[in-house]
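Geometric and topological summary
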Amino acid sequence: MTRRILILGGTTEARELAGALARFDVALSLAGRTARPAAQPVPVRVGGFGGVAGLAGYLRAERVGLLVDATHPYAATISAHAAEAADIAGVPLLAVRRPGWERVDGDDWVEVADVRAAVAALGEVPRRVFLALGRQEVAGFAAAPQHDYLIRSVDPVEPKLGVPQAEYLLGRGPFDAEAERAMLEAHGIERIVCKNSGGDATYGKIVAARELGVRVVMLARPVLPEVPAVGSVAAAQEWVGHWAARRGV
């Protein structure tokens, strides 16, 4: 039986899991949206597969024995493709799904379905808004040019947001709560728009918002395929160990 494992990554969990499964033939696939991705502990494949059929063909051609979807919780398209392709190719699939953040006392959250709803939730009154989103989502806020935006991303946002007032920060997490609070205060932030990414790396802004009484407009998580799933790297290691033992890998 093949020991080959393909991890669909781009997250901290994917990188950590790849390193933890060193006894297997592991490869990590990145979508290629980040110009300077973090260093990875295993061979990396960059770029798309050409949809469901392309991924299914790759799984067969490379004799992949297990597919692990450890993509971002909001990467709904690739998660759907992974589920379909694994079924077509007859390859077991495991999803590593980081739990979302839970509201606690002091949090002022407004949960919305998408970017359009987030724009509406900001209202008509001009505000200083921190956009902690991917570059793909930022463009939608051109529909609300009355706000003054602070936009943070790993890579530069191009083209720039078509509004009169926007400032850009480059940064890659983790971001601690103390630094996030200082940043929000320095820029006079009144609203934060973000995803419920879960994990510790970007939770600092949620803590800072709670301490400062800043409202958070939170994009809800998308619906993902119903497949075998775990919530941590440790649980994924255990699952893979059982998978390998059952198949004599």
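The text that follows walks through the structure, step by step, so that each part is easy to find. (Residues numbered from 1 in each chain as written. Predicted model: local features only at pLDDT ≥ 70, side-chain atom pairs only at ≥ 80, totals over all residues. Heavy atoms only, no water.)

As for the overall build of the protein chain
Scanning the protein chain for helices and strands turns up eight helices and 12 strands. For 249 residues, the compact-globule estimate of 2.2 N^0.38 gives 18 Å, and the protein chain sits close to it at 20 Å. Projected onto the principal axes, the alpha-carbon positions of the protein chain cover approximately 60 × 35 × 30 Å. The 249 residues of the protein chain split such that 42% are buried. Within the protein chain, counting contacts between residues at least 6 apart in sequence, those at least 24 apart form 63% of the total. Summed over all atoms, the accessible surface of the protein chain reaches about 12,100 Å², with 51% contributed by carbon and sulfur. Charged side chains in the protein chain number 28 positive and 28 negative. The centres of these two groups are separated by 6 Å. (Helix = DSSP H or I, 4+ residues; strand = E, 2+ residues; numbered from the N terminus. Rg over C-alpha atoms; globule rule 2.2 N^0.38 Å. Buried < 20%, exposed > 50% of the residue type's maximum accessible area, 1.4 Å probe, protein only. Contact = heavy atoms within 4.5 Å. Areas by Shrake-Rupley, 256 points an atom, 1.4 Å probe, with all protein chains shown as cover. Lys, Arg positive; Asp, Glu negative; His and termini not counted. Charge placed at Lys NZ, Arg CZ, Asp CG, Glu CD.)

Quick word on the pairing of strand E10 (residues 191-195)
Summarising burial for E10: five of the five residues are buried, a large majority. Side chains Arg-191, Val-193 and Lys-195 project from E10 onto one buried face, and the interleaved Ile-192 and Cys-194 project onto a second face that is buried too. Pairing geometry for E10 and strand E11 (residues 215-219), over five bridges, is parallel. Bridging across to E11, Arg-191 finds its partner in Arg-215. For the handedness criterion, the β-α-β arrangement of E10, helix H7 (residues 204-212) and E11 is classed as right-handed. (Pairing = 2+ DSSP bridges. Right-handed = clockwise from strand over helix to strand, strands pointing away.)

Focus: H7
Residues of H7 that are buried: Gly-204, Lys-205, Ile-206, Val-207, Ala-208 and Ala-209. On its buried side, H7 packs onto strand E6 (109-112), strand E7 (128-132), helix H6 (177-186), E10 and E11. Just downstream of H7, Gly-213 is the residue with a positive phi angle, here 70°.

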